[in-house]
Amino acid sequence: MARKKAGRRPARRATARARPVRRVNRNRVDDDTTSTVASDSPLPRGLAVVGIGASAGGLEVFTQLIEALPADAGLVVILLQHMAPDHESGLVYLLSSHTRMPVTEVTQNIRVRANHIYVVPPNVRMELFGDRLVLSPRPSDRSRHTPIDTFFASMAKSVGTSAIAVVLSGTASDGALGLRDIKAAGGITIVQKPETAKFDGMPRAALATGIVDLVMSPAEIGAELARIADHPYTTRSAPGGRAGESIADTQLARVFDLLKPLSGIDFRQYKQPTIRRRLMRRMALHRIDDVEGYLRILKANPSEVRALFQDLLIHVTRFFREPESFDALAAEVFPNIFDGREPSNRPVRFWVCGCATGEEAYSLAIATIEFLNKHDLQIPVQIFATDVSETAIEHARAGVYSHTIANDVRPERLRRFFAKADGSFRISKEVRDLCVFARQDLTKDPPFSRLDLILCRNVLIYMDAALQKRLIGVFHYALNLDGFLMLGHAETVGAQASLFSVSHKKHKIHRKKSVAAAVMPMALSLGKLPPAIQRKRIETGMAGEKSLEHETNRLMLERFAPPGVVVDDDVQIIQFRGQVGPYLEPAPGDASLNLLKMAREGLLYGLRTALTAARKGRKPVRRSGMHVRSGDDWLPLAIEVVPMTALGRQYFLVLFDESTDQPSKPVSGRRKATRPDRPAARDSGKMALLQRELAASRDYLQSIIQELEAANEELQSANEEILSSNEELQSTNEELDTAKEELQSTNEELNTLNEELQGRNEEVNRVNSDLVNLLASVQIAIVIVSSDLRIRRFTPMAERVLNLIPGDVDRVIGHINPNIDCPDLEQLIIESVETVAPIERDVRDRQGKWYSLRIRPYKSIGNKIDGAVLALFDVDQLKRSEQRAQLAQGLAYAVLSAADRPLALLDRDLRVRQTNEPFAALFGLRANDLRGRTLAEIGGNGWRIDGWASPDGAVGTQLPPVNVTSRGIGRDLVMNGTIVQSPDDVDHTLILVAAEGE
């Protein structure tokens, strides 16, 4: 008998909102369907497309969502549900009564319109091309049929940032990969809260991707879709619109200022339209239309700054993205790299830029291992994988990915290079050991060098042209001769084409040319300038005309300022100011901009001492009375060294001043025909010059000695500090050794405890197995319920007697309909638990069979009441025997009362159970006086009643007659006995006695 009656489907209510259902015949879908598709027409501006995917439990959540979605939201809503291929869908009919929007089943090449709901038909695959829905045959392989992923991917390509993807209740993981495509295109991703889903497989798989924007219940999703439809991000991001056009440059600069301290990245060199779209996207998620309002949120909430930073990085990747490109690497790049390499040579070095969460780096490692194994090569390989996001790098280092990667990785690769762990896939040690992950900002951190291959796919597309050009030069520098560079499909080497030759045009594989190394720009980036200069350059655009004041200053400096140079702390010339040819000249040998090497004769000793004094005193130093050689003459000169600090570094301005107090007459250095009366003057001039040079050399030598002594003292102090640090390190090392021993001891204790726990676990498993087998073999209906009256366990007999099923485990016993007549069963259990006393009651099943229901409290080992035990014993035979005995006894009583003859009813012990008045009168007594007395007591020991001592026989058996003497009438009587109850039921054996006179 069925336990529950099947519920009838409620009648469809006629509501005012119901619209006529559009029932159309689906066109036949052939393999060449796409060839008949009309040319793509873009969606109207401001029209967003919502793709909603579900599987098991989809009807309920679809209904909740569309009931909360206004009919005039201006959205194109497309519902995708897994359906049986040979089952006619009734989804259109069922949903039409819950919305005022027309619900239409999709036909081939149908054009979508706003405020309409479209339902995918069964047994097809659907895609969006422009404003049309195109159907194609369902693949024969069920594992490849992921209709939600397929549609999300087409929606991302067709509408981009106007795409909204929603994943609802369902099993498996369909939709998770499609969310990645939506995220990469700038769309919005929404997932149902797993706890509100009847089947949470699809929502949890989507959340595991880490790219979900909103997590809500179905009703909340419907209201949120209506709000998103009115946001400027949606209305302006459709084809023809410009998302972010309302964001001013000054506001964008303030956003960059908030991002820079947290991320360390200057986004000014990234493509501004992309950043504006991402900024508007975050505003849409926060229900904000005003940029100033979002700036206030950024200032008050650092977590939103981090979220915006992660959104700008766009970490969307997958294993073996564009598989043909990896095939091209194995066919054309790897043979050139590994050909002729010996295992003893340096390792082959690869660099993956912008590796995100590591999928591309591991894909390259797997492809490399497969190539090496195929050609039986034992060449060491190093793969450097870098990204600007520390969070992404940590994910990549862990090497754990959700089960959705099975859609991207072939089964044989999954078996070889991955291991299953808690429903996820962990990369194997063989692949992990090849990869080195590190955080790196391509725009400012130094690159790797001596590389054989660089993968930089879909990274340059987010940067402006100047930064792209700079990075291409960096890649050229980092590669070995004939090294390879692989870019994304939308990327190119651009103006740096002379540095590379094209190796594979389709997959953007380039090879380094044997040309001069690219010159990397030495100019400071905008992000390294002081904030005031940054703001000034942003406001002026760095391209305005020079003001009159600046032009005047330039002319005055050129005409009246002394010539000079700017040098850094290493005396390397940074800038030349004015004509410095009379004072500096290139030195023979290797080219150098060292000021001391370029100084002309006569300047070296003065420059050294002036620079040393300016560096030590940190104030301007002037040296007069100097002479510099100019041809055969010596010109008088004064130098001034002015220290200055810029951009956090020390610089010196060295000025050459010819306007001195000395006579401007040059000192001759050549022997000329002079008057004989002036030799002493010439000699004295030379002598004075030599003495000044000697004095300057002594001063310089003395300063060098003082610096050396100071350096020695500093080295001695540093040596003492190092010795002290060494002692501290030794002490720390000893502490670490002690801690290591303690950890080893703790580890041993943990191992011992683990062994004990394993033993106990095995014991518990054995006890559990014994209990299961015991309950399975006991032919008694037993049900164990918990303290909250939920069924915990039951025997197979209980499954048959009470009509239970395995699915009833963990259900409240009061919520089921057991096959016994006991309406207060739940109350009896509560009473037994509360009173800690057993309760017994006879009950019948629906077939009328009797059972004895016994309820006892369930006591744990700690003597704690934790539920109850219900047992049903079959007492049907006993109950029926009692009923028969009661019936027989009742009939006998009736016969006794109605008969005129002396009759009596005895039990097995010959004790009177019932008599009539005529029988009692034979002994001069009343009937009540004889009840409960034996025949021996009534007639005395002289009665010969031995033949009745153990009556035996079936119903109707005659006992031997007994002769007795009546006291009441004084004559002999003959008593004849007949058994009226079967002795099989010994407790109810009765003897009918009739007395007759002789």
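Novice: Explain the overall build of the protein here, please?
Specialist: Within the protein one finds 28 helices and 36 strands. In the protein, buried positions account for 43% of the 998 residues. Counting only contacts in the protein whose residues sit at least 6 apart along the sequence, the fraction spanning at least 24 positions is 62%. Per element, the accessible surface of the protein, about 53,400 Å² overall, is 50% carbon and sulfur.

Novice: How should the side chain of Q914 be read in this particular structure?
Specialist: With respect to the helices and strands, the residue Q914 is situated in strand β33 (residues 912-915). Within the local environment of Q914, its side chain forms a polar contact with the side chain of R931, the two groups lying 3.1 Å apart.

Novice: What's the story with a negative patch on the surface in this structure? I'm lost.
Specialist: Together, E734, E735, D737, E741 and E742 line one region of the surface with negative charge. Inspection of the secondary structure puts E734 in helix α22 (residues 679-777).

Novice: Sorry if this is basic, but what is going on with the pairing of strand β8 (residues 163-167) here?
Specialist: If a strand is regular, its side chains alternate between the two faces of the sheet. Most of β8 sits out of view: five of its five residues are buried. Every second residue of β8 is oriented toward a common face, with A163, A165 and V167 on one face and I164 and V166 on the other, all of them buried. Sheet analysis places β8 next to strand β9 (residues 188-192), joined by four bridges and oriented parallel. Looking at β9, one finds that A165 is bridged to T189.

Novice: Explain the sheet that holds strand β4 (residues 110-111) to me, please; I cannot follow it from the model alone.
Specialist: The pairing of strands in a sheet comes from backbone hydrogen bonds and takes either a parallel or an antiparallel form. In space, the three strands of this open sheet follow the order β4-β7-β6, with antiparallel pairing throughout. Where the open sheet ends on each side, the last strands, each with one partner, are β4 and β6 (124-129). Where β6 meets strand β7 (residues 132-137), six bridges bridge the pair, whose relative direction is antiparallel. Opposite R125, over in β7, you have S136 as the bridge partner. The strands that helix α3 (residues 147-159) touches are β6 and β7; relative to β6, the one it contacts most, it runs at about 10°.

Novice: Before we go on, may I ask you to explain helix α8 (residues 249-263) in this structure?
Specialist: It helps to recall that an α-helix has 3.6 residues per turn; residues three or four apart then point in one direction. Between its first and last C-alpha atoms α8 spans 20 Å; for 15 residues at 1.5 Å apiece the expected length is 21 Å, and the two agree. Of all the positions in α8, only Q251, L252, A253, V255, F256, L259 and S263 are classed as buried. Looking one or two residues beyond α8, the residue adopting positive phi is G264, at roughly 75°.

Novice: Explain the packing of helix α12 (residues 323-338) against helix α13 (residues 359-374) here, please?
Specialist: The geometry of a pair of packed helices is captured by two quantities: the angle between their axes and the separation between those axes. α13 packs onto α12 with a crossing angle of 60° between their chain directions and a minimal axis gap of 10 Å. The angle between the axes of α12 and α13 places the two elements in the oblique class. Considering how the two elements wind past one another, α12 and α13 form a crossing that is right-handed. Mapping the contact onto sequence places F326, L329, A330, F334, P335 and F338 in α12 and E360, S363, L364, A367, T368, F371 and L372 in α13. Here the contact of α12 with α13 is composed, by residue class, of 10 nonpolar, two polar and one charged.

Novice: Can you walk me through a nonpolar patch on the surface in this structure?
Specialist: On the surface, L59, Y93 and L94 cluster together into a nonpolar patch covering about 240 Å² of accessible area. By the secondary structure assignment, Y93 is in helix α2 (residues 91-96). Residue Y93 is classed as partly exposed on the basis of its relative accessible area of 40%.

Novice: Explain the environment of H489 here, please?
Specialist: Residue position: H489 is located in the loop between β18 (479-487) and β19 (500-504). For the pair H489 and I509, spaced 20 residues apart in sequence, the C-alpha to C-alpha distance is 9.9 Å. When near neighbours in sequence (up to four residues on either side) are disregarded, H489 contacts E322, N458, K506, H507 and K508.

Novice: In this structure, what is going on with helix α9 (residues 272-285)? I would like to understand it.
Specialist: Counted at 1.5 Å a residue, the expected span for α9 with its 14 residues is 20 Å, and the 20 Å between its end C-alpha atoms agrees. Among the 14 residues in α9, 11 count as buried, and that is most of the element. The complete set of buried residues in α9 reads T274, I275, R276, R278, L279, M280, R281, R282, M283, A284 and L285. The positive-phi residue at the C-terminal boundary of α9 is R287, with phi of around 60°.

Criteria and cut-off values
- Residues numbered from 1 in each chain as written.
- Predicted model: local features only at pLDDT ≥ 70, side-chain atom pairs only at ≥ 80, totals over all residues.
- Heavy atoms only, no water.
- Helix = DSSP H or I, 4+ residues; strand = E, 2+ residues; numbered from the N terminus.
- Buried < 20%, exposed > 50% of the residue type's maximum accessible area, 1.4 Å probe, protein only.
- Contact = heavy atoms within 4.5 Å.
- Areas by Shrake-Rupley, 256 points an atom, 1.4 Å probe, with all protein chains shown as cover.
- Polar contact = N/O pair within 3.5 Å; in protein donor to acceptor, adjacent residues only side chain to side chain.
- Patch = residues over 30% accessible without salt bridge, like charges linked within 9 Å, V, L, I, M, F, W, Y side chains within 5 Å.
- Salt bridge = Lys/Arg side-chain N within 4 Å of Asp/Glu carboxyl O.
- Lys, Arg positive; Asp, Glu negative; His and termini not counted.
- Charge placed at Lys NZ, Arg CZ, Asp CG, Glu CD.
- Pairing = 2+ DSSP bridges.
- Axes fitted to C-alpha atoms, helices over the stretch in contact; angles between N-to-C directions.
- Expected span 1.5 Å × (residues − 1).
- Parallel < 35°, antiparallel > 145°, perpendicular 65-115°, else oblique.
- Left-handed = near helix turned anticlockwise from the far one by under 90°.
- Nonpolar A, V, L, I, M, F, W, Y, C, P; charged D, E, K, R; others polar.

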